[in-house]
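Chain by chain, the residues:
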Amino acid sequence: MKKILALLVIAPMLISCSGSKKDQFNEAFVKDTNAFDILMGQFAHNIENIWGMNEVLIAGPKDYVKYSDQYYTRSHINFDAGTITLETISGTDPAASLRQAIISTLLVGDDPGNVDLYSDANDIQISREPMLYGQVLDNTGKPIRWEGRAASFADYLIQNKLMRRQSGMHIIYSVTIQMVPNHLNQRAHKYLPMIREASAKYGVDQSLILAIMQTESAFNPYAVSNADALGLMQVVQHSAGVDVFKSEGKWGKPSRSYLFDPQNNINTGTAYLAMLQTAYLGNISNPTSRRYAVITAYNGGAGSVLRVFSQNKTQAFNIINNMAPGDVYTTLTTKHPSAESRRYLYKVNNTQRSYRRVD
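Here is a short report on the structure shown in this document. Predicted, not measured: the structure shown is a model, and the values here were computed from it.

Looking at the packing of aromatic side chains
For any two aromatic rings, the description comes down to two numbers: the centre-to-centre distance and the angle of the planes. The tally for this structure, following the rule as stated, stands at 10 aromatic pairs. Ring geometry for Y64 versus Y222: centroids 5.0 Å apart, planes at 80°, classification edge-to-face. In this pair, Y64 sits in strand β1 (residues 63-68) while Y222 sits in the loop between α7 (206-217) and β6 (229-230), placing the two residues 158 residues apart along the sequence. Summarising the burial analysis for this pair, Y64 and Y222 share the class buried. Considering the side-chain rings of F245 and Y258, the 5.5 Å spacing of their centres and the 85° angle between planes classify their relative orientation as edge-to-face. One end of the pair, F245, is in helix α8 (residues 237-247); the other, Y258, is in helix α9 (residues 256-260), and 13 residues separate them in sequence. One aromatic cluster in this structure is built from F43, W51, Y67, Y71 and Y118. Here R74 stacks its cationic end above the ring of W51, 3.9 Å away from the centre of that ring. Sitting above the plane of the Y133 ring, R145 keeps its charged end 4.2 Å from the centroid.

Here's what the structure looks like:
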């Protein structure tokens, strides 16, 4: 979900707040958003100064990017493509820098609370169950759990797979590792117990939760976006997070550490899907039409979905309820003002078909 979602979903909620609470909430939203924008700007500026304008690489929803070695070395896991790329522009001992980055990346745990993606701090804590365990096999075909095997694999890669390229004034040394072909399914399987629990609790199809997670993050627990959407289901603290907290009788917003916890993230994202199904878009009578609307709303907000059909909310529901589900789908994928939301419905709907067998 992008920054537009924060604005679209928050608006109706603010109307029901008292004036002072509304002002306080809006002020906090602006302050936090501006602070995040400043942080990202400073971070990108640091990278550009060291690596060059064409080499800026920052973590995203489907990309884990971690800098180390005073920003001269970085690790990039592309969860969508299934590739891990380690790069360094260290001029002193590039092989040693790459070796350490390989080991740290292969053994990093799946708790984002332990890693600061926006600094060069070497804060990787080796986990007993690495995030990538089973998703990467070493040169002997074995999964990597312990430091000894990771170090041996790193030595093999540097000796046999080391690449170099010129970028501006820098020589970039790199190693690329291919993840196993079913890496996506392996990560999805890890979260199935949490997904089943949330599905039963909130009445949302497991296949829809899985499709949202794959589309949003490719099951990357470290997922972040330029709108500061967080975690597996890319929950925005100030919009979906606040809505869910309010529905549970809590004031405020979930913290970053709360949303980076996989179970909390899945519960919050699923609870928000349930709110879209039953509250915001519950007046759509056909379940298939409602599902199309819910998927689109998860990306761009419920208000934007209804305005595709009419500026009047009641009339929008009436129009939708008099349309065949296929026509609702066609309308949302061709006439929604956001190209991203149009593509989002197409992606999630297609992905959900592949997960229906898990329900």
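Anyway, onward from the coordinates.
Quick word on the packing of helix α11 (residues 287-300) against helix α12 (residues 302-309)
Between α11 and α12, the shortest axis-to-axis distance is 7 Å and the interhelical angle comes to 125°. Here α11 is positioned oblique relative to α12, judged by the angle of their axes. Between α11 and α12, the contacting residues are A293, T296, A297 and G300 on the first element and A302, S304 and V305 on the second. Among the residues making up the contact of α11 with α12, the classes are represented as 4 nonpolar, 3 polar and no charged.

Some points on the sheet that holds strand β4 (residues 163-167)
Pairing is antiparallel in the open sheet, where 5 strands are placed in the order β1-β2-β3-β5-β4. Two strands close off the open sheet at either side, each with one partner strand: β1 and β4. The sheet shows a mean angle of 20° between the axes of neighbouring strands, taken without regard to direction. Pairing of β4 with strand β5 (residues 170-178), which is carried by 5 bridges, proceeds in the antiparallel orientation. What sits directly across from R165, in β5, is I172. In this fold helix α3 (residues 94-107) packs onto β2 (73-78), β3 (83-88) and β5, with an angle of close to 150° to the strand it touches most, β3.

Some words on the pattern of salt bridges
Pairs can form between side chains of opposite charge once their charged atoms are near each other. Applying the stated criterion across every chain yields a total of 11 salt bridges. Between K62 and D80 there is a salt bridge, and its shortest N-O distance comes to 4.0 Å. Within this pair, whereas K62 is found in the loop between α2 (19-51) and β1, its partner D80 is found in the loop between β2 and β3, the two being separated by 18 residues in sequence. Taken together, the shared-partner salt bridges connect E55, R74, E87 and R165 into one network.

Side note on the nonpolar core
Proteins that are soluble and globular tend to have nonpolar side chains buried together. Counting 96 residues, the largest nonpolar core has V136, I177, M213 and Y298 as the members making the most contacts within it. Considering each element in turn, this core owes the most residues, 7 residues, to helix α10 (residues 262-280). A domain-level breakdown of this core finds at least three residues from each of domain 1 (32-180) and domain 2 (184-356). Once residues lying within four places of it in the same chain are set aside, the contact partners of M213 are Y191, I195, A218, F219, L232, M233 and I266.

What counts and how
Residues numbered from 1 in each chain as written. Predicted model: local features only at pLDDT ≥ 70, side-chain atom pairs only at ≥ 80, totals over all residues. Heavy atoms only, no water. Phe/Tyr/Trp six-rings, centres within 6.5 Å; stacked < 30°, edge-to-face > 60°. Helix = DSSP H or I, 4+ residues; strand = E, 2+ residues; numbered from the N terminus. Buried < 20%, exposed > 50% of the residue type's maximum accessible area, 1.4 Å probe, protein only. Lys NZ or Arg CZ within 6 Å of the ring centre and 35° of its normal. Axes fitted to C-alpha atoms, helices over the stretch in contact; angles between N-to-C directions. Parallel < 35°, antiparallel > 145°, perpendicular 65-115°, else oblique. Contact = heavy atoms within 4.5 Å. Nonpolar A, V, L, I, M, F, W, Y, C, P; charged D, E, K, R; others polar. Pairing = 2+ DSSP bridges. Salt bridge = Lys/Arg side-chain N within 4 Å of Asp/Glu carboxyl O. Core = buried A, V, L, I, M, F, W, Y, C linked by side-chain atoms within 4.5 Å. Domains from an automatic or database assignment.

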